[in-house]
Amino acid sequence: MSNTNFQNMDLKNFYFHTANLSNADFRGTNLSNANLFGANLVNTNLSNANLSNSLLCFVKWGNTNLNGAIVKGARFDDDYWLSETQRRDLIERGAIFIVHDESKSYHTAEDCQ
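Residues numbered from 1 in each chain as written. Predicted model: local features only at pLDDT ≥ 70, side-chain atom pairs only at ≥ 80, totals over all residues. Heavy atoms only, no water.

Trainee: Could you clarify how one ought to interpret the packing of aromatic side chains in this entry?
Mentor: Each aromatic ring pair is characterised by the separation of its centres together with the angle its planes make. Scanning the entire structure with this criterion turns up seven aromatic pairs. Plain terms: the ring middles of F6 and F16 are 5.8 Å apart, the flat faces sit at 75° to each other, and that makes the pair edge-to-face. Here F16 lies in the segment before β1 (55-56) and F6 lies in the segment before β1, a separation of ten residues in the sequence. With a relative accessible area of 9%, F6 lands in the buried category. The buried category is assigned to F16, whose relative accessible area is 1%. Among the aromatic side chains, those forming a connected cluster through ring pairs are F6, F14, F16 and F26. The side chain of R87 reaches across the aromatic face of F97, ending 4.9 Å from its centre. (Phe/Tyr/Trp six-rings, centres within 6.5 Å; stacked < 30°, edge-to-face > 60°. Helix = DSSP H or I, 4+ residues; strand = E, 2+ residues; numbered from the N terminus. Buried < 20%, exposed > 50% of the residue type's maximum accessible area, 1.4 Å probe, protein only. Lys NZ or Arg CZ within 6 Å of the ring centre and 35° of its normal.)

Now the structure itself:
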């Protein structure tokens, strides 16, 4: 599903678990309650998307546009991919950051609940 245009679609509750969504366009898309656990979101445009209550743990990030995205209740894993300014901005917009047990060699979506 890389390079796909999902712009302005209603994908509420959609299951993108470990999907390759690199270079996809989700501008203005409703992804509320979506499962994006482990997805590849490199070069993905999520500007003005609704990510409220979505699962975004263990996502592959890089040059991902989250400008104007609604992130209230969205669950992200530890934020090594973010600058402190970006992390604070997402928290102020309602994002939740989950701290994981680093001794585990394998994580599941349940680790982000």
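Trainee: How do you make sense of the pattern of salt bridges when you look at a structure like this?
Mentor: Tallied over the entire structure, the rule returns two salt bridges. With a closest N to O distance of 2.5 Å, R27 and D25 form a salt bridge. The class for R27 is partly exposed, based on a relative accessible area of 34%. Judged by relative accessible area, D25 falls into the buried class, the value being 14%. (Salt bridge = Lys/Arg side-chain N within 4 Å of Asp/Glu carboxyl O.)

Trainee: How should the side chain of N40 be read in this particular structure?
Mentor: Within the secondary structure, N40 sits in the segment before β1. Excluding anything up to four places from it in sequence, N40 contacts A19, N20, L21, S22 and K60. (Contact = heavy atoms within 4.5 Å.)

Trainee: Help me understand the nonpolar core, please; the structure alone is not making it clear to me.
Mentor: Taken as a class, soluble globular proteins show a tendency for nonpolar side chains to be buried jointly. Of all hydrophobic cores here, the largest spans 27 residues; its most connected members are F16, L21, F26, L51, L56 and F76. Residues within four places of L56 in sequence aside, it is in contact with L36, L41, L51, W61, A74, R75, F76 and D77. (Core = buried A, V, L, I, M, F, W, Y, C linked by side-chain atoms within 4.5 Å.)

Trainee: For this particular structure, what's the right way to read the sheet that holds β1?
Mentor: What holds strands together in a sheet is hydrogen bonding between their backbones, with the strands either parallel or antiparallel. What the three strands build is an open sheet, ordered β1-β2-β3; its pairing is parallel. The sheet is open, and its two borders are formed by β1 and β3 (96-98), each paired with just one other strand. Alignment of β1 against strand β2 (residues 75-77), held across two bridges, turns out to be parallel. Within the sheet, the bridge partner assigned to L56 lies in β2 and is F76. (Pairing = 2+ DSSP bridges.)

Trainee: Looking at this model, I keep getting lost on the environment of V71. Mind explaining?
Mentor: For V71, the location among the structural elements is in the loop between β1 and β2. For V71, a relative accessible area of 0% puts it in the buried group. For the pair V71 and N48, spaced 23 residues apart in sequence, the C-alpha separation works out to 9.9 Å.

Trainee: Would you mind going over unusual backbone geometry with me for this structure?
Mentor: Unusually for a residue other than glycine, N33 sits at a positive phi of about 60°. At N53, a position not held by glycine, the phi torsion is positive, near 60°. Residue placement: N53 occurs in the segment before β1. Look at N53 and you get partly exposed, because its relative accessible area is 39%.

No statement about biological role is implied by the geometric values presented.
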